[in-house]
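What follows is each chain in one-letter form.
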Amino acid sequence: MKNILIIGGSYGIGLALAQELQYTNKVFVASRTNDNLANLSVTHLPFDATTDTLDLQQLPATLDGLVYCPGSINLRPFRGLKPEAFEADMQINFFSLIKVIQTVLPILTASEQASIVLFSSVAATMGMPFHTSVAASKGAIEGFAKALAAEYAPKIRVNVIAPSLTDTPLAEKFLSSDEKKEKSALRHPMKRVGTPEDIASMASFLLSNSSSWISGQVFPVDGGMSTLLVNS
């Protein structure tokens with residue numbers, strides 16, 4: 001049984017992953033609230049990624065997997081974005097991630113082979129209008145992950161999942177009506193937006209021994225958006 005730490009697992013993708021992993025792993029969820037966790041077989045640790053430092057005394061001596069879920073979707077025209085907006089996105093998406101990894105690194109390296117799973121965005125690969133801030137912070141994650149994977153191979157594997165729009169609370173304002181959902185679905189070759197379970201399944205695979213020869217990769221889980229033309 002592996003020890004898995006999910007940062008931000010009380011809703012959305014993190015919650016779906018906790019639900020999937022709870023019966024075969026010892027799961028720790030570090031998040032601001034324990035919403036939706038009451039009926040799960042997980043250990044909740046109160047934690048705000050933007051302000052708090054993880055207490056290693058609340059975690060096991062060995063950590064086999066780390067998943068960092070907090071993120072932002074700040075879509076605005078570039079001319080209207082102040083530097084502070086970029087700084088805020090970098091803080092939640094990237095700098096807080098670094099702080100978490102550096103904190104738990106000693107217990108990750110205590111594992112026979114640990115796995116880190118991070119999240120980017122389809123916007124880091126595709127040029128998409130109004131995505132300058134989120135693309136910048138998510139692009140930083142992809143470059144960081146490859147360098148970290150090289151530095152800690154074979155002891156720690158590091159991989160990235162790059163979703164397209166997924167039906168989570170974070171994306172609620174973009175999917176707040178049937179019309180918005182339909183338009184978003186039609187932009188994807190698979191003709192639907194992603195679900196938390198779609199992304200959680202890939203994360204679960206990357207945490208498992210089945211992916212033990214995979215590291216330093218970015219996996220688009222985006223309904224075909226980044227590589228396929230949309231049928232009209």
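Structure: above.
None of the values given here were measured: they were computed from a predicted structure.

> Please provide a residue-by-residue account of the sheet that holds strand β2 (residues 25-31), values included.
Spatial strand order, β3-β2-β1-β4-β5-β6-β7: seven strands in an open sheet with parallel pairing. At either margin of the open sheet sits one strand with a lone partner, and together these are β3 (42-46) and β7 (218-221). Pairs of neighbouring strands in the sheet enclose a mean axial angle of 20°, with direction left out of account. As defined by bridge partners, strand β1 (residues 2-7) adjoins strand β4 (residues 65-68) across four bridges and the pair is classed as parallel. Looking at β4, one finds that Ile4 is bridged to Gly65. Strands β1, β4, β5 (114-119) and β6 (156-163) of the sheet are contacted by helix α2 (residues 83-108), whose axis makes an angle of about 170° with β4.

> Could you give an account of the packing of α2 against helix α3 (residues 132-152), with specific residues and numbers?
Relative to each other, α2 and α3 sit at 20°, their axes nearing to 7 Å. Here α2 is positioned roughly parallel relative to α3, judged by the angle of their axes. For the pair α2 and α3, the crossing hand works out as right-handed. Contact with α2, carried on its side by Ala85, Phe86, Asp89, Met90, Asn93, Phe94, Leu97, Ile98, Ile101 and Leu105, involves Thr132, Ser133, Val134, Ala136, Ser137, Lys138, Ala140, Ile141, Phe144, Leu148 and Tyr152 of α3 and no other residues of that element. Here the contact of α2 with α3 is built from residues that sort into 15 nonpolar, four polar and two charged.

> Would you mind going over the layout of surface pockets in detail, with residue names and values included?
As a volume, the largest pocket reaches approximately 1,000 Å³. Lining the largest pocket are 45 residues, and of these Gly71, Ser72, Ile73, Thr168 and Leu170 lie nearest its centre. The element best represented in the lining of the largest pocket is helix α1 (residues 12-21), accounting for three residues. Its residues placed into classes, the lining of the largest pocket shows 24 nonpolar, 17 polar and four charged.

> A description of unusual backbone geometry should follow, citing residues and the corresponding values.
Looking along the chain, the bond that leaves Ala153 and enters Pro154 is cis, with omega of 0°. Turning to its location among the elements, Pro154 is positioned in the loop between α3 and β6. Unusually for a residue other than glycine, Phe130 sits at a positive phi of about 70°. You can see Phe130 is positioned in the loop between β5 and α3. Here the phi dihedral of Lys191 falls at roughly 60°; this positive angle occurs in a residue that is not glycine. In this fold, Lys191 is placed in the loop between α4 (178-186) and α5 (196-207).

Definitions and limits used
Residues numbered from 1 in each chain as written. Predicted model: local features only at pLDDT ≥ 70, side-chain atom pairs only at ≥ 80, totals over all residues. Heavy atoms only, no water. Pairing = 2+ DSSP bridges. Helix = DSSP H or I, 4+ residues; strand = E, 2+ residues; numbered from the N terminus. Axes fitted to C-alpha atoms, helices over the stretch in contact; angles between N-to-C directions. Contact = heavy atoms within 4.5 Å. Parallel < 35°, antiparallel > 145°, perpendicular 65-115°, else oblique. Left-handed = near helix turned anticlockwise from the far one by under 90°. Nonpolar A, V, L, I, M, F, W, Y, C, P; charged D, E, K, R; others polar. 1 Å grid on protein atoms, 1.4 Å probe; cavity = no way out; pocket = protein on both sides within 12 Å on 5 of 7 lines; lining within 4 Å. Points joined across faces, edges and corners; volume = space filled by probe spheres on them.

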